[in-house]
Every structure is written in structure tokens, then in C-alpha cells.
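The primary structure of each chain is shown beneath.
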Amino acid sequence: MEIYEKDVVKEIVPDKLKKIIAAGNNFQLIDVREPSEHEVINIGGELIPFDELLYGVDRIAHDKPVIVYCKVGLRSHIAIQRLQEKHGFKNLYNLKGGITAYLEP
């Protein structure tokens, strides 16, 4: 079985995201969790719930890195796969371990 580029989900580790945020780099941060999860805690990501993501494609940047996250990284991984397959995105990164890993000391 061949693996095509659209099947590969790039990842970013939490420490790298923290450095990107601290440096003020130009990127988009998207939270694909449910609104109730986002209300409890968020790290500044734009909320586009997983079930609405494919309908909100016009809200996702094509011209800069986009980091997508959920609680532990599974929903965001699947979301990125779908966006790459259906809409040809090449600038998406999954937050490895999700917000749970990001919030660990």
C-alpha cells in the first residue's frame, strides 16, 4: 500500500506551540472540541467543532500554518485527514496529545 502526502498528518509538540505563541508568529489555532469543552478551558483557539469543520472550511487559512487541536489529539487528527483529502490543505498541523498534553507542566 502506498502512502500519499494527503494521508500524512503533520504534528507539532506542545512545547513548540508554546514557543510559537510566545514569539507572536502568524498562524491560526483551531479547537475542534465541543462548545461545552471549549467553555471549560481553552488556549485561544478559534472554536470550529469537529462536526461543523467541513462546513466551516472558509474559516480556515490556506496561507499560513494552521494548528488544530482537541482534547487528546484524535479528533483533530481525523479532522486534518478529512480536510486534506476533501479540500487539499497542506498547511495543517495536529497538536500532539491535544490540549491535555499542552496543559501538562
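Structure's up top.
What you are looking at is a predicted structure, and each value in this text was computed from that prediction instead of being measured.

S.K.: Which residues make up the overall build of the chain, and what values go with them?
M.R.: A count of helical and extended segments in the chain gives four helices and five strands. Relative to a compact globule of 105 residues, whose C-alpha radius of gyration would be 13 Å, the chain shows 13 Å and is just as compact. Projected onto its principal axes, the C-alpha positions of the chain cover 40 × 25 × 25 Å. Summed over its atoms, the accessible surface of the chain is roughly 6400 Å², and 53% of this surface lies on carbon and sulfur atoms. For the chain, the separation between the mean place of its 14 positive charges and that of its 16 negative charges on side chains is 4 Å.

S.K.: Residues and numbers for helix α3 (residues 74–87), please.
M.R.: The end-to-end C-alpha distance of α3, which contains 14 residues, comes to 20 Å, matching closely the 20 Å that a straight helix rising 1.5 Å per residue would cover. Along its buried surface, α3 packs onto β4 (66–69) and β5 (92–95). In the stretch just after α3, G88 is the one whose phi turns positive, near 70°.

S.K.: Describe the environment of D63, and please don't skip the residues or the numbers.
M.R.: With respect to the element layout, D63 can be found in the loop between β3 (46–47) and β4. Taking C-alpha positions, D63 is 22 Å from F50, a pair spaced 13 residues apart along the chain.

S.K.: Describe in detail the pattern of salt bridges, supporting the description with residues and values.
M.R.: In total, this model carries three salt bridges according to the counting rule given. Between R33 and D31 there is a salt bridge; the shortest N-O distance is 2.8 Å. Among the ionic pairs, R59 bridges to E46, the shortest N-O distance being 3.0 Å. One end of the pair, R59, is in the loop between β3 and β4; the other, E46, is in strand β3, with 13 residues separating them in the sequence. For R59, a relative accessible area of 38% puts it in the partly exposed group.

S.K.: Lay out the sheet that holds strand β1 (residues 10–12) with the relevant residues and their values.
M.R.: Strand order in this open sheet of five strands is β1-β5-β4-β2-β3, and the pairing throughout is parallel. The sheet is open, and its two edges are formed by β1 and β3, each paired on a single side. Examined bridge by bridge, strand β2 (residues 28–31) and β3 share two bridges and lie parallel to one another. Within β3, the position partnered with D31 by the bridge is L47. With respect to the sheet, helix α1 (residues 14–23) is in contact with β1, β2, β4 and β5, its orientation differing from that of β1 by roughly 70°. Sheet contacts for α3: β4 and β5; angle to β5, the most-contacted strand, approximately 170°.

Cut-offs used in this document
Residues numbered from 1 in each chain as written. Predicted model: local features only at pLDDT ≥ 70, side-chain atom pairs only at ≥ 80, totals over all residues. Heavy atoms only, no water. Helix = DSSP H or I, 4+ residues; strand = E, 2+ residues; numbered from the N terminus. Rg over C-alpha atoms; globule rule 2.2 N^0.38 Å. Areas by Shrake-Rupley, 256 points an atom, 1.4 Å probe, with all protein chains shown as cover. Lys, Arg positive; Asp, Glu negative; His and termini not counted. Charge placed at Lys NZ, Arg CZ, Asp CG, Glu CD. Expected span 1.5 Å × (residues − 1). Contact = heavy atoms within 4.5 Å. Salt bridge = Lys/Arg side-chain N within 4 Å of Asp/Glu carboxyl O. Buried < 20%, exposed > 50% of the residue type's maximum accessible area, 1.4 Å probe, protein only. Pairing = 2+ DSSP bridges. Axes fitted to C-alpha atoms, helices over the stretch in contact; angles between N-to-C directions.

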